[in-house]
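Reading the structure
Listed below are the residues making up each chain.
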Amino acid sequence: MTDDAPPPPRAAERVLRALADAVGESRPRVAGDLADPDIPVAATVILARDAAEGLEVLLIERPDRGSFAGAWVFPGGKLDPADAGADATPSEEADARRAAVRETLEETGLVVDPGDLVPLSCWDPPPGLPLRIRTWFFAARAPGGELRLEPREAVTARWMRPADALRGHARGELTLYPPTWVTLTGLTEAVDVEGLLGATRVAGVRIFETQVRRGAEGPVFFWREDEEYDREGGPSASGARHRLEVGALPWIYTRDF
């Protein structure tokens, strides 16, 4: 790099650029998008533990390259062919569960029992993007053992209270993507691990079929519970809201149903 060359964009700037690009690249959803067999599938694990000041979760920082460069994420990754089971009835969730266990071990050295994983959500990105990865989120009590990070996958790792991670993001200190950000927001309601897992089991898997459109301040992500989810629906002065505005920090999440 020469003295006159501009510095490379920070991770947060790259995220905002990617989210802005998604507005122009996406298209309205159609039937079958959620179950599209041609897009990759991934799995991620929210490892939670009880600490003196409240529930903490494990976040790892990705290297400054590749997918999610420089972002803080939960351990996880894409499914491999070996994750496909010999179940009598094939299940994407079951395959994702196996991938979640494998990826957690590879990235952190922690061994998670697949039976301890509680499915939390499934995120389907806006259709039309060049790279779409449908991702399953699982929650589990953190196992014992020492963290052994795979340097190609994680620069560092921190146990953090969800609210602290969100405050760090609002100050521009941590880079997060919308699924991680929204998940952390939901985790702020959990008092302890047992409460988190119990509430997750009762609630069942939440499906996030994502649409993105340009708002007054930048990209706005919508989910089905929002009255304006349908692009053809037009603005509404009242009604349910389920959206995330990411044009500036701090992000604004509205969920009033």
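Summarised in this report is the structure supplied together with it.

**Details of the nonpolar core**
I46, V57, F74, L184 and L244 are the most contacted members of the largest nonpolar core, which has 42 residues in total. Here F74 is in contact with T44, V45, I46, V57, L58, L59, R62, F137, T180, T183, L184 and L187, once residues within four sequence places are set aside. Counting residues in each nonpolar core, the second largest holds 17 residues, with V41, L58, A96 and L110 among its members.

**Topic: the layout of surface pockets**
By volume, the largest pocket is sized at about 1200 Å³. Around the largest pocket, the lining comprises 45 residues; the ones closest to its centre are S67, F68, L131, I133 and Y177. Elements represented by at least two residues in the lining of the largest pocket include exactly α1 (11-25), β1 (41-51), β4 (76-78), α2 (92-108), β5 (118-124), β6 (134-141) and α4 (178-187). The dominant element in the lining of the largest pocket, judged by the number of residues it contributes, is α1, at six residues. Considering only residue class, the lining of the largest pocket consists of 22 nonpolar, eight polar and 15 charged. As for the second largest pocket, its lining consists of 21 residues, of which L120, G186, L187, E189 and R206 are closest to the centre. Those elements that provide at least two residues to the lining of the second largest pocket are β5, α4, α5 (193-203), β8 (206-209) and β12 (252-255).

**Points about the side chain of T200**
In this structure, T200 sits in helix α5. Not counting residues within four places of it along the chain, the set of residues in contact with T200 comprises V118, P119 and L120.

Calculation criteria
Residues numbered from 1 in each chain as written. Predicted model: local features only at pLDDT ≥ 70, side-chain atom pairs only at ≥ 80, totals over all residues. Heavy atoms only, no water. Core = buried A, V, L, I, M, F, W, Y, C linked by side-chain atoms within 4.5 Å. Buried < 20%, exposed > 50% of the residue type's maximum accessible area, 1.4 Å probe, protein only. Contact = heavy atoms within 4.5 Å. 1 Å grid on protein atoms, 1.4 Å probe; cavity = no way out; pocket = protein on both sides within 12 Å on 5 of 7 lines; lining within 4 Å. Points joined across faces, edges and corners; volume = space filled by probe spheres on them. Helix = DSSP H or I, 4+ residues; strand = E, 2+ residues; numbered from the N terminus. Nonpolar A, V, L, I, M, F, W, Y, C, P; charged D, E, K, R; others polar.

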